[in-house]
Amino acid sequence: MIVRVGHLYPEYLNIYADRGNIAVFERRAAARGHELQVEPVSIGSTVVPGRHDLLYVGGGQDREQAMIAPDLVRHGAALRQAVGRGVALLAVCGGYQLLGRGYRGRDGSWLEGASIFEHETLAGETRMIGDVLLESTLPEAPGRTIAGFENHAGRTVLDEGAATLGRVVAGYGNDGASGFEGCRTERALGTYLHGPLLPRNPWLADLLLAWALAHASGSEPEPLAPLADELEREAHAVSAARARERGGRPAR
Ligand code: GLN
């Protein structure tokens, strides 16, 4: 099957090799006989609900976020419609922040967001940097571990009852206090975890791919055939051990 991917602002939001997540989607889809068609969606482009099966946005500095935010807000309604129709979506760090209601920078400026996720972000005085280990709170994969790296000034506060990606085992997570990380709406996942995220968390890549294939075929998501993933498991183990050893500790 062809999986149509919309990569939002690839030339602006791509730090910590976030575009590596696309390479993982490509390789894991190809290993099951599927093909990814990746379309960059940047400033001035149009988002058409239903045109993509998978949407992706990476992280970026405040400066780059400010450059794309006005354009992203323009797509807000179309992106919310696409998510409502079951598109799969992964948003990382700066992209994750701007898919909420907005981001208040350290200078007090407000960047309005696309309001897909039920949260708001406020930049703090200090940056939350380091290795992170989560236990998934996704009903599809309760307790499975997610390992990555975070570097953000933003503190993301979820609305009461909003679904998360995981419980923080080591690291700061959304705000360094709640003990949770990430956010989920329908088949849209947001996270602070860079790395890139997916090479060391292949099950999460497969979950998003299964959702994208379901969107492409109009059927229910089916688990994908497992791959060997020796290297991926090793990368996960190294990353998880580093997080346990030196990841930030939520202030309790
Ligand atoms: N600029 C945002 C912050 O500092 C996001 C950073 C990022 O994407 N790593 O919080």
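Residues numbered from 1 in each chain as written. Predicted model: local features only at pLDDT ≥ 70, side-chain atom pairs only at ≥ 80, totals over all residues. Heavy atoms only, no water.

## Description of the overall build of the chain
In step 1: Along the chain, the regular secondary structure elements total six helices and twelve strands.
In step 2: Taken over the C-alpha trace, the chain has a radius of gyration of 17 Å; the compact-globule value for 252 residues is 18 Å, and the two agree within 12%.
In step 3: With respect to the principal axes defined by its C-alpha atoms, the chain has extents near 45 × 40 × 30 Å.
In step 4: Taking all 252 residues of the chain together, 56% fall into the buried category. (Helix = DSSP H or I, 4+ residues; strand = E, 2+ residues; numbered from the N terminus. Rg over C-alpha atoms; globule rule 2.2 N^0.38 Å. Buried < 20%, exposed > 50% of the residue type's maximum accessible area, 1.4 Å probe, protein only.)

## Re the side chain of His 194
In step 1: Mapped onto the fold, His 194 is located in the loop between strand E12 (188-191) and helix H5 (202-217).
In step 2: Residue classification places His 194 among the buried positions, given a relative accessible area of 0%.
In step 3: Separated by 2.9 Å, the side chains of His 194 and Asp 18 make a polar contact.
In step 4: The contact partners of His 194, leaving out residues within four places of it in the chain, are Ile 15, Tyr 16, Asp 18, Gly 59, Val 92, Cys 93, Gly 148, Phe 149 and Asn 151. (Polar contact = N/O pair within 3.5 Å; in protein donor to acceptor, adjacent residues only side chain to side chain. Contact = heavy atoms within 4.5 Å.)

## Section: the site of the ligand
In step 1: Neighbouring the ligand are 16 residues; Gly 60, Asp 62, Gln 65, Cys 93 and Gly 154 lie closest to it.
In step 2: A distance of 2.5 Å is found between a nitrogen atom of the ligand and a side-chain nitrogen or oxygen belonging to Asp 62.
In step 3: A distance of 3.0 Å is found between an oxygen atom of the ligand and a side-chain nitrogen or oxygen belonging to Arg 127.
In step 4: About the coverage of the ligand: the protein hides 99% of its 290 Å² of free accessible area.
In step 5: The leading source of residues in the shell around the ligand is strand E8 (residues 145-158), at four residues.
In step 6: Counted by class, the shell around the ligand contains four nonpolar, ten polar and two charged residues. (Near = heavy atom within 4 Å. Areas by Shrake-Rupley, 256 points an atom, 1.4 Å probe, with all protein chains shown as cover. Nonpolar A, V, L, I, M, F, W, Y, C, P; charged D, E, K, R; others polar.)

## Looking at the environment of Val 48
In step 1: Inspection of the secondary structure assignment puts Val 48 in the loop between strand E2 (35-41) and strand E3 (54-57).
In step 2: Of the residues examined, Val 48 reaches a relative accessible area of 40% and is grouped as partly exposed.
In step 3: Sequence separation of Val 48 and Arg 32 is 16 residues, and the distance between their C-alpha atoms is 27 Å.

## What to know about helix H6 (residues 230-246)
In step 1: Look at H6: 24 Å from first C-alpha to last across 17 residues, which is about the 24 Å you get at 1.5 Å a residue.
In step 2: In the core, the buried residues of H6 are packed alongside helix H1 (20-30), strand E7 (119-136), E8, strand E9 (166-170) and H5. (Expected span 1.5 Å × (residues − 1).)

## Remarks on the environment of Leu 209
In step 1: With respect to the helices and strands, the residue Leu 209 is situated in helix H5.
In step 2: A relative accessible area of 1% means that Leu 209 is categorised as buried.
In step 3: As for Leu 209 and Pro 221, which are separated by twelve residues in sequence, their C-alpha atoms are 9.1 Å apart.
In step 4: If sequence neighbours within four positions are ignored, Leu 209 has contacts with Phe 25, Arg 28, Ala 29, Leu 36 and Leu 224.

## Some details on unusual backbone geometry
In step 1: For the bond from Gly 195 to Pro 196, the omega torsion is 5°, close enough to zero to count as cis.
In step 2: By secondary structure assignment, the location of Pro 196 is in the loop between E12 and H5.
In step 3: Even without glycine at this site, Cys 93 takes up a positive phi of about 45°.
In step 4: Assignment of secondary structure puts Cys 93 in the loop between strand E4 (88-92) and helix H4 (94-98).

In short, the description is geometric, and any link to function would need to be established separately.
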